[in-house]
Structures are given as C-alpha cells and as structure tokens.
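# Understanding the architecture of this molecule
Each chain, written out:
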Amino acid sequence: MLTIRAAASGGRNPVKKRGHIMSEEKQPMEEKKEKKEPKPKKEKKPKKEKAPKQEKPAKTKICPACKAEIPKKAKLCPQCAAKQKGFNPLPIIVPLLLILAGAVSVFVFHFPVDPPFELPFTKEPEKSPLAAAMDLSKKEEEAVIAVFEQCGVAEIVEAKERSSNGISSVYVLNDAETSLYEDTQDAIIVQINDKTKTVDSIDYRNHPVYRGGQVVAQATDFYLDSTERDEYLALALTAVKAELEFPELASFHAKSGWDYTMEDERVTVRSTVSVKTSGGGTETRPFQVNFEKGEFVSIDLGAPLAS
C-alpha cells in the first residue's frame, strides 16, 4: 500500500488542480474600492416671489340716456334707471334665413316661382356695352377687343347696331376718347361677321382702319385725342390774346365749346371769345386759328356777333 507524503509546506496541504496550486485557505479579498466622495449638493435657488395678481378693471359702458359710466351687464342704469338695450340679432338672422329658404326652394325643390328678392349668387355678370350690342361671348369679346387695340381704338363705352343683312352687321361705336367730343362721336364704324363673330372691317368715318385681317391705319391718326387738344388749345389762346386790346379781360368758352378739325397735317381750332370794348361794353367775337405740322400759321378774328 502506497503512502503519500505531504511535502513540508508549513502545515499547508496544497492541492494541484487544473495546473494551479491553490491553498485550502481562501486568498485574501481584494481591497475595497475607495469610496467616491459625495458630490456637493447644489444650492437651491430661492423661489421668486409671485407678484400679487392685479384685479381686472370692471367692464363698463356708457348709458345712452344720462351718459354715465355703468357696469356693462347692467340692464337698468343705476343713475337714471333707464332701460339698457341689448344686442338684437334679428336684423341679421331674418335676411339670412330668407336667403337660405329661397336657395333651397329654387335649387333643391325646383320651386317654379322665383323668390321675392334677388339671390346674390344667382345674378349673372352684366355684359359690357360691346358684348351686349354684338351678342358676344366672353371669348369672342376678347378677340374683338384685341383687334381694336391693334387699331388704336380705346375701351368701348357705347355700341349701336346700324344695319344687318343676315351675313354681317354694321355697328357705330364710341370709345373712351371719341365719346368726349361732338366732332368725334359716332365716328368709329365696325363690320362684324354674324356667324364667326369676327371683325371684317373698321373705319373712322370715311378713312379705312382695318381691312382683310390687316391694320391699315390707326384710328387716332384721324382725330385729336385729349392730350393733343389741350396742346392746341393753349397755342390758340396765346394767338387770340395777342390780337385783343384788353387780353386780360377776355373770357373764353370751356373746353366743350371748342371745335377741332384735322385734315392731313392741318389742324383748325374754332371758338368764340367775349371781350371788353374801349367804350366799356362787351362783345363776342368768333375766331379761327390754323396750324400745320403743329406750328401756328394764321388767325382769323371775326366781327362781333349780334347780341
């Protein structure tokens, strides 16, 4: 029988296990980790003192009877005991209900009788004088106006049918400029194709402006517009006053009392002037001032008119 001798190990009995020698006694425990120093506590900020709530000012109104300031909800004035009128919604609610009832009856139930008032959303937009006279749709009107603009015709303010043969119709027009003066009214003549609603021709009196889809001339070439009339009026005033004995006492007609004619490059301006005589009386004399290419040519101051 074999005897195992323990080697002298100072009374310890070592055991070999998995290539390591361990003592029967437990190894000394690791040193405890140093304890973390406690974080300094944050000092709490002192709480802000809340400002005392301000009392809301009481809502008030003015009494219509005594003009005193009283609580808004008061039904009787504490000063004069006058009854206070509140908001009455009936003037707003009643018309709205009538409109709603009319809309329901017409559009939902197809009520055969029209409502006793005009519904704002059923009213068709009014046609322009041009579209109404020529019976044009919106698209057709835009096409006709585009031709007018190419020919120097301004916005149409009046349109009248002159004649029709079933194929085309002739209209007399006044635009924003020609409608201002007697000598230019009813001067724009337009022929419209009744089937296609297109422009066949445009004339200013006897002067061709538009033919066969082509612009021949500008309508403004045959009359004076507002700006040109003002320029010739100023030149004519200067010319007439130069012929008068007392020009500072002369009295002229308003713009509507002046007549302008234009032929090629010649312009004639006619009107009358009231003047003081050397005897202290007043007489009215006609005058005619002639221009060519925008320059003064001559003046004819007529004899006094019979009063």
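Residues numbered from 1 in each chain as written. Predicted model: local features only at pLDDT ≥ 70, side-chain atom pairs only at ≥ 80, totals over all residues. Heavy atoms only, no water.

## Overview of the overall build of the protein
Along the protein, the regular secondary structure elements total 4 helices and 15 strands. Expressed as a percentage of the 307 residues in the protein, the buried residues total 25%. For the protein, restricting intrachain contacts to residue pairs at least 6 apart in sequence, the fraction spanning at least 24 positions comes to 31%. Carbon and sulfur atoms provide 54% of the accessible area of the protein, an area that totals close to 24,500 Å². (Helix = DSSP H or I, 4+ residues; strand = E, 2+ residues; numbered from the N terminus. Buried < 20%, exposed > 50% of the residue type's maximum accessible area, 1.4 Å probe, protein only. Contact = heavy atoms within 4.5 Å. Areas by Shrake-Rupley, 256 points an atom, 1.4 Å probe, with all protein chains shown as cover.)

## So, the pairing of strand E12 (residues 259–263)
Bridge count between E12 and strand E13 (residues 266–276): 5 bridges; the pairing is antiparallel. Bridged to Met-262 within E13 is Val-267. Linking two consecutive strands that pair antiparallel, namely E12 and E13, is a turn of 2 residues; a positive phi of about 55° is found at Asp-264 within it. (Pairing = 2+ DSSP bridges.)

## Some remarks on the environment of Phe-287
With respect to the helices and strands, Phe-287 occurs in strand E14 (residues 282–292). Given a relative accessible area of 3%, Phe-287 falls into the buried group.

## A word on the packing of aromatic side chains
By the definition in use, this model includes 7 aromatic pairs. With a centroid separation of 5.3 Å and an interplanar angle of 20°, the aromatic rings of Tyr-204 and Tyr-223 are classed as stacked. Separated by 19 residues along the polypeptide, Tyr-204 in strand E8 (residues 199–204) and Tyr-223 in the loop between strand E10 (214–215) and helix H4 (226–241) bring together distant segments of the chain. Each member of the pair, Tyr-204 together with Tyr-223, is buried. Ring centres 5.1 Å apart and planes at 65° place the aromatic pair Tyr-232 and Phe-291 in the edge-to-face group. Of this pair, Tyr-232 sits in helix H4 while Phe-291 sits in strand E14, and the two are 59 residues apart along the sequence. (Phe/Tyr/Trp six-rings, centres within 6.5 Å; stacked < 30°, edge-to-face > 60°.)

## Overview of the sheet that holds strand E7 (residues 188–193)
Taken in spatial order, the 6 strands make up an open sheet running E5-E6-E7-E8-E9-E10, and their pairing is antiparallel. Every other strand in the sheet has two partners, leaving strand E5 (156–164) and E10 as the edge strands with one partner each. In this sheet, E10 lies alongside strand E9 (residues 207–211) in antiparallel orientation, the contact comprising 2 bridges. Following the sheet pairing, Tyr-210 is matched in E10 by Val-215. Its contacts with the sheet put helix H3 (residues 138–150) on E5, strand E6 (168–175), E7, E8, E9 and E10, and the angle it makes with E8 is roughly 35°. (Axes fitted to C-alpha atoms, helices over the stretch in contact; angles between N-to-C directions.)

## Notes on a nonpolar patch on the surface
A cluster of nonpolar residues, Ile-92, Ile-93, Leu-96 and Leu-97, forms a patch on the protein surface that exposes about 390 Å² of accessible area. Counting through the fold element by element, Leu-97 comes out in helix H1 (residues 90–108). A relative accessible area of 52% places Leu-97 in the exposed class. (Patch = residues over 30% accessible without salt bridge, like charges linked within 9 Å, V, L, I, M, F, W, Y side chains within 5 Å. Salt bridge = Lys/Arg side-chain N within 4 Å of Asp/Glu carboxyl O.)

## What about the nonpolar core?
Generally speaking, a soluble globular protein has its nonpolar side chains buried in company with each other. One finds Leu-130, Met-134, Phe-148, Leu-173, Val-190, Val-199 and Ile-202 to be the most contacted residues of the largest nonpolar core, which totals 24 residues. Sorting the residues of this core by element identifies helix H2 (129–134), H3, E5, E6, E7, E8 and E9 as the ones contributing at least two each. Once residues lying within four places of it in the same chain are set aside, the contact partners of Val-199 are Val-144, Val-147, Phe-148, Val-190, Gln-191, Ile-192 and Tyr-210. Core analysis: the second largest hydrophobic core is formed by 18 residues, Tyr-260, Val-273, Val-275 and Phe-291 among them. (Core = buried A, V, L, I, M, F, W, Y, C linked by side-chain atoms within 4.5 Å.)

## As for the pairing of E5
Here E5 runs beside E6; their pairing, made up of 7 bridges, is antiparallel. Across the sheet, the residue bridging to Glu-158 is Asn-174, located in E6. The hairpin formed by E5 and E6 contains 3 residues between the paired strands, and Gly-166 there has a positive phi angle of roughly 90°.

## As for H4
Taking 1.5 Å per residue, 16 residues should reach 22 Å; H4 reaches 23 Å between its end C-alpha atoms and fits that length. Residues of H4 that are buried include every one of Ser-226, Arg-229, Tyr-232, Leu-233, Ala-236, Ala-239 and Val-240, and no others. Buried residues along H4 cover an arc of 135° about the axis, so they all sit on one side. For H4, exposure combined with an orientation more than 90 degrees from the buried face picks out Thr-227 and Thr-238. Tucked into the core, H4 has its buried residues touching strand E11 (251–252), E12, E13, E14 and strand E15 (295–301). With a side-chain oxygen positioned 3.2 Å from the backbone nitrogen of Thr-227, the residue opening H4 is Asp-225. (Expected span 1.5 Å × (residues − 1). Arc of directions from axis to C-beta. Polar contact = N/O pair within 3.5 Å; in protein donor to acceptor, adjacent residues only side chain to side chain.)

## Some remarks on unusual backbone geometry
Positive phi values are uncommon outside glycine, yet Asp-186 reaches one of about 55°. Classification of Asp-186 by relative accessible area gives partly exposed; the value is 33%.

## Observations regarding the pattern of salt bridges
Taken as a whole, this structure holds 9 salt bridges when the rule is applied. Lys-160 is paired through a salt bridge with Glu-158; the nearest N and O atoms lie 3.9 Å apart. You can call Lys-160 partly exposed: its relative accessible area is 35%. For Glu-158, a relative accessible area of 34% puts it in the partly exposed group. Among the ionic pairs, Asp-186 bridges to Lys-160, the shortest N-O distance being 3.2 Å. Of this pair, Asp-186 sits in the loop between E6 and E7 while Lys-160 is found in strand E5, placing the two residues 26 residues apart along the sequence. Through salt bridges with shared partners, a single network forms among Glu-158, Lys-160 and Asp-186.

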